[in-house]
Amino acid sequence: MDDFISTFIRITIIILLVRTVVSLITSFVVTRKMRKAQQDTRQNPEQSSAPLNRDSLEQTRREQLMSMELEGFREKKEETANRTVRDLVKDDYCGKLIEKSKSYIIRDHEQYRHFCSWECRRNYIEAMGSEG
Ligand SMILES: [Zn+2]
């Protein structure tokens with residue numbers, strides 16, 4: 001039984017030693033890496049992390065601006081669409097909605113009448129003529 005305990009203690013001590021050595025090596029490596037990074041920063045101040053962050057910040061700001069511009073563009077597009085909707089007129093003969101700029105127009109009793117086609121315009125005039 002004593003033999004078992006002594007073996008156990010020895011194994012524990014070995015494990016502790018190994019762990020200590022590993023942690024020492026790790027801290028040594030990390031310290032070296034940090035020192036190297038500091039040296040790099042001192043040698044190349046332009047490539048240090050701070051200006052990089054500023055660059056990425058600027059890029060983010062630029063992206064925000066771009067998206068804002070895009071939204072403005074979208075709003076303008078919607079405005080144009082609304083204007084087009086507002087410029088729609090009703091065909092006085094067949095009742096179809098047509099774009100004012102593409103419609104056939106006649107003046108009838110101080111009022112403008114819009115038609116989708118030359119045929120509708122003609123039919124309307126014929127109907128008007130037959131009525132009186
Ligand atoms: Zn029509």
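First, a word on scope: everything that follows refers to the structure included in this document. Quantities reported herein were computed from a predicted structural model and do not represent experimental measurements.

1. Comments concerning the overall build of the chain
Regarding its fold elements, the chain presents three helices and four strands. Start at the N end of the chain and walk to the C end: the helices and strands fall as α-α-β-β-β-β-α. For the chain, the residues scored as buried account for 8% of the 132 residues in total. The contacts of the chain with a sequence gap of at least 6 include a subset with a gap of at least 24, amounting to 18%.

2. Things to note about the pairing of strand 4 (residues 111–115)
Across five bridges, strand 3 (residues 104–108) lies against strand 4 in antiparallel orientation. When the bridges of strand 4 are listed, I106 appears paired with R113. With antiparallel pairing between neighbouring strands as the criterion, strand 3 and strand 4 make up a hairpin whose turn holds two residues, including H109 at a positive phi of roughly 50°.

3. Remarks on the environment of D91
Within the secondary structure, D91 is located in the loop between strand 1 (88–90) and strand 2 (97–99). As for D91 and R121, which are separated by 30 residues in sequence, their C-alpha atoms are 8.8 Å apart. Every residue in contact with D91, bar those within four places of it in the chain, is listed here: K96, I98, H114, F115, C116 and C120.

4. Some remarks on unusual backbone geometry
Of note, the phi angle at H109 is positive, near 50°, even though the residue is not glycine. Looking at the element boundaries, H109 is found in the loop between strand 3 and strand 4. For H109, a count of 6 C-beta atoms within 10 Å translates into the label exposed. For E110, which is not a glycine, the phi torsion comes out positive at approximately 65°. Residue E110 is classed as exposed on the basis of its C-beta count, with 5 C-beta atoms lying within 10 Å.

5. Topic: helix 1 (residues 2–43)
It helps to recall that an α-helix has 3.6 residues per turn; residues three or four apart then point in one direction. A rise of 1.5 Å per residue sets the reference length of helix 1, with its 42 residues, at 62 Å; its end C-alpha atoms lie 61 Å apart and thus fit the reference within 8%. With zero of 42 residues buried, helix 1 is to be regarded as a mostly surface element.

About the thresholds
- Residues numbered from 1 in each chain as written.
- Predicted model: local features only at pLDDT ≥ 70, side-chain atom pairs only at ≥ 80, totals over all residues.
- Helix = DSSP H or I, 4+ residues; strand = E, 2+ residues; numbered from the N terminus.
- Buried ≥ 20, exposed ≤ 12 C-beta atoms within 10 Å, placed from the backbone.
- Contact = placed C-beta atoms within 7 Å.
- Pairing = 2+ DSSP bridges.
- Expected span 1.5 Å × (residues − 1).

None of this, on its own, says anything about what the molecule does.
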